[in-house]
Amino acid sequence: MSRQIPVRMSGELAPGQRKLAFIDGRSIVLFNIDGTIYAIDNSCPHNGASLANGQLEGCVLRCPAHGLRFDLRTGCMPGAGGLALTTFPVQTIDGTLVVSLDEPGSSLSHAPAGSAAT
Ligand code: FES
């Protein structure tokens, strides 16, 4: 199960902008890339550095600590397996950004779309 949490922001998140938000006790970075909003946990999976100020090249974010790169669309490292960002689904409902967060202890929400939990 996941919970839908509205993001309270002053103003709009315009294309090319990013915002650090504290949502339900989590530090989450929101990016608007060409009109699509992406939300990631503000903690690099390598060693926990903040990703809020990472350099963005298209949809690929470079961690400012050690330079690992992650694709915001998938959370994965381009061309390599291993580490992956924690990403959160985002949608706009009545003009408000809404982030879907996993319920604590829930593992079903990580199942790929169309798969069945066993
Ligand atoms: S903490 Fe991000 S690459 Fe090391």
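Residues numbered from 1 in each chain as written. Predicted model: local features only at pLDDT ≥ 70, side-chain atom pairs only at ≥ 80, totals over all residues.

Draft legend 1. Inspection of unusual backbone geometry at higher detail. Look at Asp 24: it is not a glycine, yet its phi comes out positive at around 55°. Here Asp 24 is to be found in the loop between strand E2 (18-23) and strand E3 (26-33). Even without a glycine there, the phi angle at Asp 94 is positive, about 50°. Assignment of secondary structure puts Asp 94 in the loop between strand E9 (90-93) and strand E10 (96-102). (Helix = DSSP H or I, 4+ residues; strand = E, 2+ residues; numbered from the N terminus.)

Draft legend 2. The sheet that holds E2, seen in detail. Taking strand neighbours across the sheet as the criterion, the four strands line up as E2-E3-E4-E8 in an open arrangement whose pairing is antiparallel. A strand with exactly one partner marks an edge of an open sheet, and here the two such strands are E2 and strand E8 (87-88). Judged from the six bridges that link them, E3 and strand E4 (residues 36-41) form a sheet pairing that is antiparallel. By the bridge assignment for E4, Ile 33 is matched with Thr 36. (Pairing = 2+ DSSP bridges.)

Draft legend 3. Looking closely at the pairing of E3. Examined bridge by bridge, E2 and E3 share six bridges and lie antiparallel to one another. Paired with Leu 20 across the bridge in E3 is Val 29. Taking the residues between adjacent antiparallel strands as the criterion, E2 and E3 are bridged by two residues, where Asp 24 takes a positive phi near 55°. Counting the residues between successive antiparallel strands, the hairpin from E3 to E4 contains two residues, one of them, Asp 34, with a positive phi of roughly 50°.

Remember, this is a structural readout, not a statement about activity or role.
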